[in-house]
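# Summary of the model geometry
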Amino acid sequence: MTVAIVGAAETTQLGKIPDTSQIELHADAALNAMADAGLMPKDIDGVATAGESPVGIAHYLGIAPRYADGTSVGGCSFMLHVRHAVAAIEAGMADTVLVTHGESGRSGIGRGGRGGGGGAGLPDQFEGPYGGMGPTTMFTIGVLRYMKQYGMTHEQLATVAVVQREWAGMSPRASYRDPITVEDVMASRMIAYPFHLLECCLVTDGGGALILTKAERAKDFPQKPVYIMGTGESVETPMVSQMKDLTSSQAFRIAGADAFKSSGISHGDVDHLMVYDAFAHLPIWGLEDLGFCERGEAAGFIEDGNTRPGGKLPLNTNGGGLSYMHSGMYGMYALQESVRQMRGTAPAQVPDAEVSVCLGVGGMFAASGCIVMTNSESA
Amino acid sequence: MADAEKRPRPLPRPTPETQHFWDGTRAGELRLQRCLDCGTVYFPPRPFCPGTGSRNVEVFRASGKATLLSYVINHRQHPSFDSPYSIALVQLEEGPTMMTNIVGCEQTPEALVLDMPLEVTFEDHGDIVIPLFRPA
């Protein structure tokens, strides 16, 4: 036996609770369980829940987790959470996992709603009224602060899109392949100042799938094996307005640090990098939060050509969400490109690449996952 | 400000844990919460401190003063707003950050200068009053 339950509690009241919203029912039960175990929010590093998002629960409770499980398969979700938590704790992905449930099943207080406004969820109440139009306004809202803090120019932001178009030009399946200039980007339609059209991702259709098995079986399959060296994950907040620092993602930092630690690699080992680029600033945040660049230096790093074809750190080599494709949940395509690079089959193949890091983002800056892959058995 | 034919902005539905905030805006006050164990001021509302987990917290009236932390100016059409309009994040004098709109000035990069001082103002929608900010 490797894992034990050390805290357990129900909500303070049961039955008819018209004075408590659904998320507060989760929190009330969680605080009671923490009291039962003698723990505080800072002692928890894993969150699993269904009905509400683990992002919302973690932020509401003040938890900065490195493990988040939102498996939602109905009333037995919590059994799956326990099973997954056992595996996660055994694997070192988390030390102390909180599994929460809360449901205003009778009173219907504070159910549903994820930020579109008109609802009772916290994002609906405190961000929904202000005219946000999804990612184009919410993902981008911190960038002016970054620009002021670090002196990044509009032209440097545009350069991200220009460099990724260079990569897309080498990829036959990319949606946009014609070269563009900084001037083209700056002249494209304003979507949400300071973001122009060509600094925003595409909206396309598509899909992807992956199959994983034990490494010892991998050579029985027809394709060159791509091994998972390490992983990391985290969630910060469902509300961009509540990020601790607009110029950096806490979820990136926690997910990236765990991925590097669990894989045992250092930055110099990385031959290929994917950073989910829904908007042009994402590669800048990713380069800094993963530790490839000091804070405030990633825009210059890209401008200097380090991430373009022939550069020392090839980044988003399919053209990314800005030029390759973006169906809405682009992370699958970033993983697919890392696999192609590790198989040696990418259209814009990085010569002799052995280690690929793939950083994803979700729900704007709400969540992050980071995967380190290699094609080397000895890596 | 929205035209007559425009839909009203999406309005929140308060929950028991946020009611004090929305009662506050109707009374012309911006209300925050403070942990009585550790002193942390936090937002959005919840009946415990996200730092300590303590339920020993109080509601208090904030100054309504803030500075402009960051923003975008949305150029796409919105059913409730006249584009272009700003969506902003402000840093309250007491520490927490909030999303809002900046009103009472041009919706341009020249007029919206980061770190400019702001003060809260309130937009009445009947049962719900929305906190907005304007140059101080």
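Small disclaimer: the values here were computed from a predicted structure and weren't measured.

Basis of the calculations
Residues numbered from 1 in each chain as written. Chains lettered and ligands numbered in written order. Predicted model: local features only at pLDDT ≥ 70, side-chain atom pairs only at ≥ 80, totals over all residues. Heavy atoms only, no water. Pairing = 2+ DSSP bridges. Helix = DSSP H or I, 4+ residues; strand = E, 2+ residues; numbered from the N terminus. Axes fitted to C-alpha atoms, helices over the stretch in contact; angles between N-to-C directions. Contact = heavy atoms within 4.5 Å. Buried < 20%, exposed > 50% of the residue type's maximum accessible area, 1.4 Å probe, protein only. Polar contact = N/O pair within 3.5 Å; in protein donor to acceptor, adjacent residues only side chain to side chain. Buried area = accessible area lost by both parts, 1.4 Å probe. Salt bridge = Lys/Arg side-chain N within 4 Å of Asp/Glu carboxyl O. Nonpolar A, V, L, I, M, F, W, Y, C, P; charged D, E, K, R; others polar.

### Quick look at the sheet that holds strand β1 (residues 46-49) of chain A
Residue and element names in this part refer to chain A. If you trace the three strands from one edge of the open sheet to the other, you get β2-β1-β3, paired in parallel fashion. Two strands lie at the open edges of the sheet, namely β2 (67-69) and β3 (97-100), each paired on one side alone. Direction aside, the axes of adjacent strands within the sheet are offset by 10 degrees on average. Sheet topology places β1 next to β3; four bridges connect them, and they run parallel. Bridge pairing in β3 links Ala 48 to Val 99. Running over the sheet, helix α2 (residues 54-61) touches β1, β2 and β3 and is turned about 130 degrees from β1.

### Here's the deal with the environment of Trp 22 of chain B
In this structure, Trp 22 of chain B sits in helix α1 (residues 19-26). Taking the relative accessible area as the measure of exposure, Trp 22 of chain B reaches 2% and is therefore buried. Between the C-alpha atom of Trp 22 of chain B and that of Thr 121 of chain B, which follows or precedes it by 99 residues, the distance is 14 Å. Excluding its chain neighbours within four sequence positions, the residues that come into contact with Trp 22 of chain B are Gln 125 and Phe 126 of chain A together with Pro 12, Pro 14, Ile 128, Val 129, Ile 130 and Pro 131 of chain B. A polar contact is formed between the side chain of Trp 22 of chain B and the side chain of Gln 125 of chain A, at a distance of 2.7 Å.

### Section: the interface of chain A and chain B
How big an interface is tends to be reported as the loss of accessible area on association of its parts. At the junction of the two partners, chain A supplies 55 residues and chain B supplies 49 residues. Carbon and sulfur atoms make up 60% of the area that chain A and chain B hide from each other, which totals about 4,200 Å². Residues Asp 28 of chain A and Arg 55 of chain B are paired through a salt bridge, measuring 2.6 Å at the closest nitrogen-oxygen approach. Of all the elements, helix α1 (residues 22-37) of chain A adds the most residues to the side of chain A that touches chain B, at five residues. Considered class by class, the residues forming the side of chain A that touches chain B number 26 nonpolar, 21 polar and eight charged. Here strand β4 (residues 190-193) of chain A runs beside strand β4 (residues 65-74) of chain B; their pairing, made up of two bridges, is antiparallel. The partner of Ala 192 of chain A across the bridge, within β4 of chain B, is Asn 74 of chain B.

None of the figures reported here should be taken as evidence of function without further support.
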